[in-house]
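Structural description and commentary
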Amino acid sequence: MCRKYFPVLSLIILFPLLAASQDTLRIDLRQADSLFVNRNYYLLAASMNIEAQKAQELQARLYPNPVATADLNVYDPENRKALHAGSSGQKYFQLEQLFLLGGKRKAEIALAKTNTAIAALEFQNLVRQLRYQLHFNLYAVGQQKILLGSYNQQLHLLDSLVSSTQVQADKGNVPVKDLVRLKGAYLKLNNDRAEIYKAYYQSQTALNTILQTQVTVDFAFEEKDIQAYIKPVGFGELQELALANRPDMLLEQKNNDLAVQYHEYQKKLAVPDLNVFVTYDQRSGAFGNQVNAGVALPLPLWNKNQGNIKTARHRIRQSEYQVEAVRNNILSEIKNTHSYYRQTVSEYFKATGLYDSYFEITLRGMTDNFRKRNVSIIEFIDFFEAYNEVLTELVRIRIQLVESGELLNLLTGKDLY
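Summarised in this report is the structure supplied together with it. (Residues numbered from 1 in each chain as written. Predicted model: local features only at pLDDT ≥ 70, side-chain atom pairs only at ≥ 80, totals over all residues. Heavy atoms only, no water.)

Between its first and last C-alpha atoms helix α8 (residues 247-269) spans 32 Å; for 23 residues at 1.5 Å apiece the expected length is 33 Å, and the two agree. Among the structural elements, α4 (104-171), α7 (235-245) and α9 (306-354) are those in contact with the buried residues of α8. (Helix = DSSP H or I, 4+ residues; strand = E, 2+ residues; numbered from the N terminus. Expected span 1.5 Å × (residues − 1). Contact = heavy atoms within 4.5 Å.)

In structure tokens form, the structure reads like this:
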């Protein structure tokens, strides 16, 4: 898309956000990605590094400047004249130009281009790292908010049960131990909710940092958005994608290219450069108004840049080892993350298959029967705690599914999900 239309598109995408509450930012995944790309200062800083490296390409293309020298008489002792530089005096001018030989300028341009490519890959790597954190924390916040809503409802229910049981216990109609058990269940659930709030606010902090906002992020999503992370991809295909597209792998390969280019550059530096000059000498030379031309060329007798060339050869071997180390690390990460992903998909299908509307119906039934004293306090609390464990487990599995899918996106360098 043409660059000039990008601000208009961004405004269209982000327009719903402008109308949102000043205290809450309600966004979907597409809006979050757009906001992230346009406002994250880490990305903006990394993009400036790319521009800086492009400027170095321009610098590498420039030729050395010529050097002009002027030598004027300050005092003529024979004629006792100061600044005697006229027609009967003395002045000397020289113009010299350095010519780079051996392909040094071409090598410097190649190095600058590779550094620009490295900066671009570093930018891509940062984008993928931050996008992984963004997506994971968005779904974490969304799931945690749902769980907190459920816990708040149940705490309200327990609070009403504690109040009614307190009245009956004061009248001697209900054993005090039942009241104590209810209060214990309330405190336990309240403590569990506090842990969820802690995780929720940690995720909010991460989102505020990534999206560069200080308001609460409210993530809009549906169950089908989570199910979109269920897509079988073969282990071999994941490996091929990672080795071909992962920015840190490409970055190491570019670093190897840079090491090779640097070695070639050091060899070219061993070739002497030619300095050509033209001079005008009014009267201090062999002839009056003498014009001379000459060349200067260093003789590579002792310093042939041997040390830097040898260092560059070792840098090549170092970068080759680094490429292999990253390659092995990638294959190991893909293997383990693929197994983790398959496990989370299996858990998701199992958990969502077991959880149905009977859980909610049974909870209401158990609560009504407990109020009518048809269910003992032990039966009610056991079911109540088991119900909450199921809700917590469902949230954990959903977040884990998103995390494993986003990890595969990150580790392969491709948007698979």
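Let's pick the thread back up.
So, about the pattern of salt bridges. Counted by the stated rule, this structure contains 17 salt bridges. Its salt-bridge partner being arginine 246, residue aspartate 248 comes within 2.8 Å of it at the nearest N-O pair. Overall, arginine 246 belongs to the buried group, its relative accessible area being 7%. Among the salt bridges present, the one from glutamate 264 reaches lysine 267, with a minimum N-O distance of 3.2 Å. Pair noted here: glutamate 264 and lysine 267 are both in helix α8, with a separation of three residues, about one helical turn. (Salt bridge = Lys/Arg side-chain N within 4 Å of Asp/Glu carboxyl O. Buried < 20%, exposed > 50% of the residue type's maximum accessible area, 1.4 Å probe, protein only.)

By the bridge criterion, eight bridges tie strand β5 (residues 91-99) to strand β7 (residues 274-281) in an arrangement that is antiparallel. Looking across to β7, one finds that leucine 95 is bridged to valine 278. Relative to strand β8 (residues 290-296), β7 runs antiparallel, the two sharing seven bridges. Each bridged residue has a counterpart across the sheet, and for tyrosine 280 the counterpart in β8 is valine 291. (Pairing = 2+ DSSP bridges.)

This paragraph deals with the packing of aromatic side chains. All told, the structure shown has 14 aromatic pairs when counted by the stated rule. When the ring of tyrosine 139 is compared with that of phenylalanine 219, the centres are 4.9 Å apart and the planes differ by 80 degrees; the resulting orientation is edge-to-face. Taken together, the positions of tyrosine 139 in helix α4 and phenylalanine 219 in strand β6 (residues 216-219) put the pair 80 residues apart, joining distant regions of the chain. For phenylalanine 219, a relative accessible area of 5% puts it in the buried group. (Phe/Tyr/Trp six-rings, centres within 6.5 Å; stacked < 30°, edge-to-face > 60°.)

The biggest cluster of nonpolar side chains holds 70 residues, and the ones touching the most others in it are Phe36, Leu134, Leu138, Leu158, Leu182 and Phe380. The leading source of residues in this core is α4, at 16 residues. Contact partners of leucine 134, with chain neighbours within four places excluded, come to Ala32, Asp33, Phe36, Leu207, Ile210 and Leu211. Judged by nonpolar contacts, the second largest core, of seven residues, contains Ala107, Leu111, Leu258 and Tyr265. (Core = buried A, V, L, I, M, F, W, Y, C linked by side-chain atoms within 4.5 Å.)

Bringing helix α10 (residues 357-371) into the picture now. Relative to the 21 Å expected for 15 residues at 1.5 Å per residue, α10 spans 22 Å between its end C-alpha atoms, a close match to the ideal helical length. What α10 keeps buried is the set Leu363, Met366, Thr367 and Phe370. Viewed along the axis of α10, the buried residues span an arc of 100 degrees, placing them on a single side of the element. Opposite the buried face of α10, by more than 90 degrees, sit the exposed residues Tyr358 and Arg364. Packing partners of the buried residues in α10 comprise α4, α5 (176-211) and α11 (377-412). Arginine 373 occupies a position one or two residues after α10 and carries a positive phi of about 65 degrees. (Arc of directions from axis to C-beta.)

Once that is clear, we can look at the environment of phenylalanine 384. Structurally, phenylalanine 384 can be placed in helix α11. Assessed through its relative accessible area of 1%, phenylalanine 384 is described here as buried. For the pair formed by phenylalanine 384 and glycine 89, sequence separation is 295 residues and the distance between their alpha carbons is 110 Å. Ignoring anything within four residues of it in the chain, the contact list for phenylalanine 384 reads Gln154, Leu157, Leu158, Leu189 and Leu363.

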